[in-house]
Amino acid sequence: MQASPLSKLSLEGREFFIKRDDLFDPFLSGNKYRKLHTLLHTPQNKYKKIISYGGTQSNAMLAIAAMCKQKGWVFEYYTKPVSSVQKEQTFGNFYQALLLGMEHIELDASLYKEYIASLALLNDAHTYIIDQGGADASAREGLEVLAQEIQAQDCGMKSLATPSGTGTTALFLALSLPEYTVYTTPCVGDVDYLKEQMSALAKIPSNLIILAPKKKYHFAKLYPEFLEIYQKTKKAGIEFDLLYAPAMWLALLEKTQEKILYIHSGGVSGNESMLKRYSQKFSR
Ligand SMILES: *Cc1c(COP(=O)(O)O)cnc(C)c1O
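The model shown is predicted, which means the values in this text are computed figures rather than measured ones. (Residues numbered from 1 in each chain as written. Predicted model: local features only at pLDDT ≥ 70, side-chain atom pairs only at ≥ 80, totals over all residues. Heavy atoms only, no water.)

### Overview of helix α11 (residues 245–255)
Our working definition: When accessible area is computed with a 1.4 Å probe and restricted to protein chains, residues below 20% of their type maximum are described as buried, those above 50% as exposed, and intermediate ones as partly exposed. We count a stretch as a helix when DSSP gives it H or I for four or more residues in a row; a strand needs E for two or more, and each element gets its number in order from the N terminus. Whether two residues are in contact is decided by their heavy atoms: any pair within 4.5 Å suffices.
All of the buried residues in α11 are A245, P246, A247, M248, W249, A251 and L252. Looking at the buried positions of α11, the neighbouring elements they touch are β1 (6–11), β2 (14–19), β7 (159–161), β8 (181–184), α10 (224–235) and β10 (260–263).

So this is what it looks like as structure tokens:
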């Protein structure tokens, strides 16, 4: 496997380096690519089926669908009921994942929690279950590969940044790179919730700094300042996702001063549907 390249980005008078994990593949990229490293390197005949569950526009879902297509594995994905509008859409992560062969199973909202819990009891050596968003100890290996690339490419930065959902990426990166400061910010829930999620995987190391957002942002909601920073970075030469990256960039610009290597976490495939929502909401 080839290391992802580094790019420079000038933003608000500052220079950043960007680790271009967005460039691996249109659907299987960013930290989802890193988290799936172990499975991607698993012999094809070890599994027949991968099961996961969660949101219907999730980047993890799309990445797993692309992996399963590559591997020839069946991919079963469980969600709560999906709106008819979404089912008819011919763009977005859900649509793309179905094109890649994902088998979608809708669970009644009242049964969802119990059913998902029961998946863990499934005892089939040819089936692998990936927890929501890929928050899984098996993600560690792929993030160690990323850490080794960062060390080998030594660009002179001593600080890294990447946004958090489950916090798996930022946590394992910080554990693999104790000589770096790793900044992150919570994009799903608040700082305490993120710490809780991380602590379930490993002890949070002292080189991991969680920057609190200036205000409470709700995941997948639309904020003018998110669109604005998205447009600024795009104009400066690199497109980032609209769910996670904006909060990270805003926090970095507000709360840090040093030179930083930003790990692009991918997710650009979801922008088309997000931009449609933004133009519906703000362009009237
Ligand atoms: C999934 C995702 C994240 C969050 O990753 P975690 O490891 O769950 O914290 C960040 N950015 C993008 C674009 C993602 O798709």
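There's more to say after this.
### Focus on the pairing of strand β4 (residues 74–79)
Heads up, the rule is: Paired strands, as defined in this entry, are two strands with at least two bridges between them according to DSSP. We call a crossover right-handed when, viewed with both strands directed away from the observer, the connection leading from the first strand over the helix to the second proceeds clockwise.
Among the six residues of β4, five are classified as buried, and the element is accordingly described as predominantly covered. Taken together, the five bridges between strand β3 (residues 49–53) and β4 define a ladder with parallel strand orientation. When the sheet's bridge partners are listed, S52 is paired in β4 with Y77. This β-α-β element, β3 to helix α3 (residues 59–71) to β4, shows right-handed connectivity.

### Points about the site of the ligand
What counts, and what does not: Neighbouring residues are identified by heavy atoms, a residue being near a molecule or strand if any of them is within 4 Å of it. Polar contact criterion, stated in full: a pair of N or O atoms within 3.5 Å, where within protein one must be able to donate a hydrogen and the other to accept it, and residues adjacent in sequence count only if both atoms are side-chain atoms. Computed with a 1.4 Å probe, the accessible areas rest on the Shrake-Rupley method; for each residue, only the protein chains presented here act as cover.
Near the ligand, the surroundings consist of 16 residues, among which K32, N59, G165, T166 and T169 are the closest. In this structure, an oxygen atom belonging to the ligand sits 2.8 Å away from a main-chain N or O atom of G167. For the ligand, whose unbound accessible area comes to 380 Å², protein coverage reaches 98%. Elements with a minimum of two residues in the shell around the ligand: α1 (30–35) and α8 (168–176). Looking at which element gives the most residues to the shell around the ligand, the answer is α1, with three residues.

### Notes on the packing of α10 against α11
Just so we agree on the cut-off: The convention used is that axes are lines fitted to C-alpha atoms, helices contributing only their stretch in contact, and that angles between N-to-C directions extend from 0 to 180 degrees. Each angle is binned into one of four classes, with values under 35 degrees roughly parallel, values over 145 roughly antiparallel, values of 65 to 115 roughly perpendicular, and all other values oblique. When residues are grouped by polarity, Ala, Val, Leu, Ile, Met, Phe, Trp, Tyr, Cys and Pro land in nonpolar, Asp, Glu, Lys and Arg in charged, and all others, Gly among them, in polar.
Look at α10 against α11: their axes get within 9 Å of each other, and the N-to-C directions meet at 80°. Taken as axis vectors, α10 and α11 run roughly perpendicular relative to one another. In this structure, α10 uses E225, F226, I229 and T233 to contact α11, whose residues at the interface are P246, A247, W249, L250 and L253. Considering only residue class, the contact of α10 with α11 consists of seven nonpolar, one polar and one charged.

### Side note on the pairing of β3
Within β3, four of the five residues are buried, which leaves the element mostly enclosed by the surrounding structure. The sheet contact formed by β3 and strand β6 (residues 127–129) spans three bridges and is parallel. Counterpart to I51 in the pairing with β6 is I129.

### Considerations on the nonpolar core
This is how the line gets drawn: Working definition of a nonpolar core: buried Ala, Val, Leu, Ile, Met, Phe, Trp, Tyr and Cys residues. They are joined through side-chain atoms within 4.5 Å.
Grouped together as the largest cluster of nonpolar side chains are 25 residues, with contacts concentrated most on L36, L39, I50, M67 and F75. When residues of this core are assigned to their parent elements, the largest contribution, eight residues, is made by α3. When sequence neighbours within four positions are dropped, the list of residues in contact with M67 reads L28, L36, L39, L40, I50, W73 and I130.

### Focus: the pattern of salt bridges
Using the following cut-off: Think of a salt bridge as a Lys or Arg side-chain nitrogen and an Asp or Glu carboxyl oxygen that are within 4 Å of each other.
For the structure shown, the criterion picks out eleven salt bridges. Here D21 ties to R34 by a salt bridge, and the two come within 2.8 Å at their closest N and O atoms. Residue D21 is located in the loop between β2 and α1, and its partner R34 is located in helix α1; the two are separated by 13 residues in the primary sequence. Both residues of the pair, D21 and R34, belong to the buried class. For E76, the salt bridge goes to K49, with nearest N and O atoms at 2.9 Å. Here E76 is found in strand β4, whereas its partner K49 is found in strand β3, with 27 residues between them in sequence. The class for E76 is buried, based on a relative accessible area of 12%. With a relative accessible area of 25%, K49 lands in the partly exposed category. Members of the salt-bridge network, linked through shared partners, are K19, D21, R34 and E149.

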